[in-house]
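If you want the building blocks of each chain, they are given just below.
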Amino acid sequence: MKTIITFGTFDVFHVGHLNILQRAKQLGGQLVVGVSSDALNIAKKGRTPVYSQSDRMGIVAGLKCVDRVFLEESLELKADYIRQFNANMLVMGDDWAGRFDSFSYLCDVVYFPRTPAISTTTIIEVVKTYK
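The following paragraphs examine the structure supplied in this document. Keep in mind that this is a model prediction, so the values were computed, not measured. (Residues numbered from 1 in each chain as written. Predicted model: local features only at pLDDT ≥ 70, side-chain atom pairs only at ≥ 80, totals over all residues. Heavy atoms only, no water.)

Side note on the overall build of the protein chain
In terms of helices and strands, the protein chain carries five helices and five strands. Helices and strands in the protein chain line up, N terminus first, as β-α-β-α-α-β-α-β-β-α. Counting only residues that meet the buried cut, the protein chain has 40% of its 131 residues in that class. Relative to all contacts within the protein chain whose residues are 6 or more apart in sequence, the contacts with residues 24 or more apart total 63%. When the accessible surface of the protein chain is totalled, it reaches about 7,100 Å², and 54% of it is carbon and sulfur. (Helix = DSSP H or I, 4+ residues; strand = E, 2+ residues; numbered from the N terminus. Buried < 20%, exposed > 50% of the residue type's maximum accessible area, 1.4 Å probe, protein only. Contact = heavy atoms within 4.5 Å. Areas by Shrake-Rupley, 256 points an atom, 1.4 Å probe, with all protein chains shown as cover.)

See below:
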């Protein structure tokens, strides 16, 4: 069975997140999703996620297109996660284009176009203006 893996923070879950996960699942097989830990998100983005890692994992796990969810604790462990889940394909948004090509020796690497005009950062900024 083909296994597809992807990674993300999935904070303030929106249609862009749903689109990439559904499109990944349409490639066939099992979809495994690594949700960035709170600590990893702070290191990557310099801010605490709006939703806790357990809430974000629960949201992603509740989607019918997702077969398995795990906590991604380190960017340096991506190759280990690919091996651990025997992934045949890594799928990421094209805002990461080229950044994961180094894993092509382990699996196919595919970048999907992002959903236009939507991002978690933009949503958070819009919400802040309503205070």
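A few points about the sheet that holds strand β2 (residues 30-36)
Read from one edge to the other, the open sheet built from five strands follows the order β3-β2-β1-β4-β5, with strand pairing classed as parallel. The open sheet has two edge strands, β3 (68-72) and β5 (108-112), and neither has a second partner. Taking the axes of each pair of neighbouring strands and ignoring which way they run, one obtains an average angle of 25 degrees across the sheet. In this sheet, strand β4 (residues 89-93) lies alongside strand β1 (residues 3-8) in parallel orientation, the contact comprising two bridges. Residue Ile 5 lies in a different strand from β4, and its bridge partner there is Leu 90. (Pairing = 2+ DSSP bridges. Axes fitted to C-alpha atoms, helices over the stretch in contact; angles between N-to-C directions.)

Digging into the nonpolar core
The tendency in soluble globular proteins is for nonpolar side chains to be buried as a group. By size, the foremost hydrophobic cluster in this structure holds 15 residues, and its most contacted members are Leu 21, Leu 31, Val 33, Val 60, Val 66 and Val 91. Going through the elements one at a time, α1 (15-25), β2 and β4 are the ones with two or more residues in this core. In contact with Val 91, not counting residues within four places along its chain, are Ile 4, Ile 5, Thr 6, Ile 20, Ala 24, Leu 27, Val 110 and Phe 112. Ile 5, Phe 7, Tyr 81 and Phe 100 belong to the second-largest nonpolar core, a separate cluster that totals 14 residues. (Core = buried A, V, L, I, M, F, W, Y, C linked by side-chain atoms within 4.5 Å.)

Comments concerning the pattern of salt bridges
A side chain of one charge can pair with a side chain of the opposite charge if their charged atoms are brought near each other. Inspection of every chain in the model, using the stated rule, returns six salt bridges. For Glu 72, the salt bridge is made with Lys 78, and the minimal N-O distance between the two is 2.3 Å. A relative accessible area of 1% places Glu 72 in the buried class. Arg 83 serves as the salt-bridge partner of Asp 80, at 3.3 Å between the closest nitrogen and oxygen. Of this pair, Asp 80 and Arg 83 are both found in helix α4 (residues 78-84), three residues apart, which corresponds to roughly one turn of the helix. Asp 80 gets classed as partly exposed once you look at its relative accessible area, which sits at 39%. Classification of Arg 83 as partly exposed rests on a relative accessible area of 42%. (Salt bridge = Lys/Arg side-chain N within 4 Å of Asp/Glu carboxyl O.)

Some details on the pairing of β4
A large share of β4 lies buried, amounting to five of its five residues. Side chains of β4 alternate between two faces, with Met 89, Val 91 and Gly 93 and Leu 90 and Met 92 buried alike. One ladder, built from five bridges, connects β4 with β5; its direction is parallel. When the sheet's bridge partners are listed, Gly 93 is paired in β5 with Phe 112.

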